[in-house]
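# Coordinate inspection notes
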2 protein chains.
Amino acid sequence: MTKTLQQITLVGEAVSHPVRLKLLYLLSEKERYVYELSKDLDLSRQVIQLHLKRLENAGFVESDLRLEDDDNRAKKFFRLKSFDVKLEIEDLAKIFK
Amino acid sequence: MTKTLQQITLVGEAVSHPVRLKLLYLLSEKERYVYELSKDLDLSRQVIQLHLKRLENAGFVESDLRLEDDDNRAKKFFRLKSFDVKLEIEDLAKIFK
DNA sequence: GATAGCAGTAATGAATATATTACACGCATA
DNA sequence: TATGCGTGTAATATATTCATTACTGCTATC
């Protein structure tokens, strides 16, 4: 699969922060919602949301706002889509040559 | 090979900027010195040096200040050491589990 | 001797990243 | 009804990133 310059930089940026790596790990286990993650990581909900947005932009996660049967409080769930991080010189050669 | 959290973030950061990716590509062809790169990329020598330092911190490149036979002006050459970018959920699991 | 090649360091400035607090709103529960 | 759970948005503060200019100093070349 051919990667664009922007795809590469977005992925790089996504994995360049420890909190985002932790989020990736947690979401690899099961889907979780924002408030829950902010409690678990002891960080503000807004920052967690920002990090998740970065991960979403990189194509790693996806989300949906969802109601559960027995609770009418909407929760924004995130889950891991794919995690395929691999970069070779050939990828760069295709871009710059 | 086991990766530490910091190793992962350094690598991610290294590949998160288009100029650094271009530098990696150029250095994959042959070694080059700082002044030369700054001319080719039309950027200040100081910024090129900064980007190269990031690449060096991530373990991608190495440098030496060198005199050539017929020229007594020292040149700081950079070359690609290794380029092995691969990250899997298992790497994160080892760190966070 | 002036200009260009080549390095090092320092100061500065604009933009982005990271994190917080604060506000509004609705639902759940003691 | 007060407190906690859960969302959204906005304002703010600090740090870092990215890029520049400016200075120094040496060698090469016209």
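Residues numbered from 1 in each chain as written. Chains lettered and ligands numbered in written order. Predicted model: local features only at pLDDT ≥ 70, side-chain atom pairs only at ≥ 80, totals over all residues. Heavy atoms only, no water.

## Side note on the pattern of salt bridges
All names here are of chain B. Selection criterion: In the sections that follow, a salt bridge refers to a side-chain nitrogen of Lys or Arg positioned within 4 Å of a carboxyl oxygen of Asp or Glu. To qualify as a helix, a DSSP run of H or I must reach at least 4 residues; to qualify as a strand, a run of E must reach at least 2; elements of each kind are numbered from the N terminus. Each residue is assigned to one of three classes by its accessible area relative to the maximum for its type, calculated with a 1.4 Å probe on protein chains only: buried under 20%, partly exposed between the two thresholds, exposed over 50%.
This model, assessed by the stated rule, comprises 24 salt bridges over all chains. One salt bridge connects R79 with E31, and the closest N-O pair in it is separated by 3.1 Å. Pair noted here: R79 is in strand β3 (residues 71–80) and E31 is in the loop between α2 (18–29) and β1 (32–33), with a separation of 48 residues, a long-range link. When the shortest N-O distance is used, the salt bridge between E68 and K75 registers 3.0 Å. Since its relative accessible area comes to 17%, K75 is described here as buried.

## A closer look at the protein's contact with DNA strand D
Let me state the cut-off plainly: When at least one non-hydrogen atom of a residue lies within 4 Å of a molecule or strand, that residue is treated as near it. Counting of polar contacts relies on pairs of N or O atoms within 3.5 Å, with two restrictions inside protein: one atom must be capable of donating a hydrogen and the other of accepting it, and residues adjacent in sequence are counted only when both atoms are side-chain atoms. Residues are sorted three ways: Asp, Glu, Lys and Arg are charged, Ala, Val, Leu, Ile, Met, Phe, Trp, Tyr, Cys and Pro are nonpolar, and all the rest, Gly among them, are polar.
Near DNA strand D lie 21 residues; those nearest to it are Q46 and Q49 of chain A together with S44, Q46 and R54 of chain B. Near the protein, within 4 Å, the atoms of DNA strand D are sugar or phosphate in 65% of cases. Between a phosphate oxygen of DNA strand D and a side-chain N or O atom of Q49 of chain A, the distance comes to 2.3 Å. Interatomic distance of 3.1 Å between a side-chain N/O atom of R73 of chain A and a base nitrogen of DNA strand D. Every element with two or more residues in the surface near DNA strand D is listed here: α3 (34–41), α4 (45–57) and β3 (71–80) of chain A together with α4 (45–57) and β3 of chain B. Looking at the surface near DNA strand D residue by residue, the classes come out as 6 nonpolar, 7 polar and 8 charged.

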